[in-house]
Amino acid sequence: MSEPRTGSRYELHLARKGVVESKAAQDYFALHPGDVEEVKDEDDLVGYVHSYEVGSTVDGPGLRFVGFLSGCFLRCQYCHNPDTWHKHNGHPVTVSRAMQQIGKYVKVLKISKGGVTLSGGEPMVQRPFLMRIFRRCKELGLHTCLDTSGRLGDRMTDDDLMNIDLHLLDIKSGDPVIYEQITHQPLQPTLDYAQRLSALGRPMWIRYVLVPGLSDGVDNVQKVADFCAGLTSVERVEILRFHQMGSAKWDKLGLEYPLKDVEPPDPELTERVRGQFRSRGLTVY
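Each value, and the rule that gives it
Residues numbered from 1 in each chain as written. Predicted model: local features only at pLDDT ≥ 70, side-chain atom pairs only at ≥ 80, totals over all residues. Heavy atoms only, no water. Helix = DSSP H or I, 4+ residues; strand = E, 2+ residues; numbered from the N terminus. Buried < 20%, exposed > 50% of the residue type's maximum accessible area, 1.4 Å probe, protein only. Contact = heavy atoms within 4.5 Å. Areas by Shrake-Rupley, 256 points an atom, 1.4 Å probe, with all protein chains shown as cover. 1 Å grid on protein atoms, 1.4 Å probe; cavity = no way out; pocket = protein on both sides within 12 Å on 5 of 7 lines; lining within 4 Å. Points joined across faces, edges and corners; volume = space filled by probe spheres on them. Nonpolar A, V, L, I, M, F, W, Y, C, P; charged D, E, K, R; others polar. Pairing = 2+ DSSP bridges. Axes fitted to C-alpha atoms, helices over the stretch in contact; angles between N-to-C directions.

Q: Describe the overall build of the chain, naming the residues involved and giving the relevant values.
A: Helices and strands together make up the secondary structure of the chain, namely eleven helices and eight strands. Sorting the 285 residues of the chain into buried and exposed places 56% on the buried side. Taking contacts inside the chain between residues at least 6 apart in sequence as the whole, the part at least 24 apart equals 75%. Split by element, the accessible area of the chain, about 12,100 Å² in all, is 52% carbon and sulfur.

Q: How would you summarise empty space enclosed by the protein if you had to cite specific residues and measurements?
A: Scanning all chains against the criterion turns up two cavities of 30 Å³ or more. What the largest cavity holds in volume is close to 130 Å³. Forming the walls of the largest cavity are 14 residues, and the residues nearest its centre are V49, F65, G67, A98 and I102. Of all the secondary structure elements, the ones that give two or more residues to the lining of the largest cavity are strand 1 (46-56), strand 2 (64-69), helix 3 (95-103) and helix 5 (127-139). For the lining of the largest cavity, the residue count by class is eleven nonpolar, three polar and no charged.

Q: Could you give an account of unusual backbone geometry, with specific residues and numbers?
A: Each neighbour pair has its own omega, and for G120 with G121 the value is 15°, a cis peptide bond. Tracing the backbone through its elements, the reader meets G121 in the loop between strand 4 (115-119) and helix 5. Located in the positive-phi region is K113, a residue other than glycine, with phi close to 60°. One can find K113 in the loop between helix 4 (106-111) and strand 4. A positive phi angle is found at H184, which is not glycine, with a value near 65°. Within the element layout of this structure, H184 appears in the loop between helix 7 (176-183) and helix 8 (188-200). For H184, a relative accessible area of 47% translates into the label partly exposed.

Q: Can you tell me about the sheet that holds strand 4, naming the residues and giving the values?
A: Pairing is mixed across the open sheet formed by eight strands, whose spatial order is 3-1-2-4-5-6-7-8. Among the strands making up the open sheet, the edge pair consists of strand 3 (91-94) and strand 8 (234-241). The average undirected angle you get between the axes of adjacent strands in this sheet is 30°. Together, strand 1, strand 2, strand 3, strand 4 and strand 5 (143-148) form the strand contacts of helix 5, whose direction differs from that of strand 5 by roughly 155°.

The structure is reproduced here in structure tokens:
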């Protein structure tokens, strides 16, 4: 098994198996066979990991150990980790090896009232690995957080959700047409997952990426704000301002970055969008 890699989420990582699979598929945007297969929950389960960071303060409360799993069904126009789209682009790591890494930081994570966040890619692509890690973390008394689009929420059982203390749920648009334009996937599974979390009382931080000319429409934003206001367990909404930090990866992968001419939202636009969420009684960051 490969050594889990520490570093930055903005570093390009491609494992040999993923490169071979991508060349065979001839279409990097397509879902490859290895992306959609559901792995059995075996004893020392193997997952595919892009990298991990220690000390993040933007991926949940306190200091976080953040693991970036590979594999994702979405093809977001502003994705800053296109090297995580295909599961086998990540390096194979056993649950026991991953827990050895996490175990080094248990004390400081607890002291800081932090914990472990699994991000991606889309962690639900590797549900058995994801949940094995989270269950082990709960045994250690660590707070668990899942960063997800909710696209594969129907893979998760209610018992799974009870082992996840917080969801960072990305709702990328309130308009189904714009959502599909952004992600190449349908919106409804994400809305269904959010409503399921609400019904179960599972805490959520909603994340909304603000892209000028794409996700900034007044009506589109209002639809998301209205939807979030109808959920019972939303603790906060985070407006994430679009940036160009992922564009270099697209270039290195030989992909045309669709938003190369888009500037980050200015303060006026950002505040207007925040105001739309606040007007619905939501706590906004």
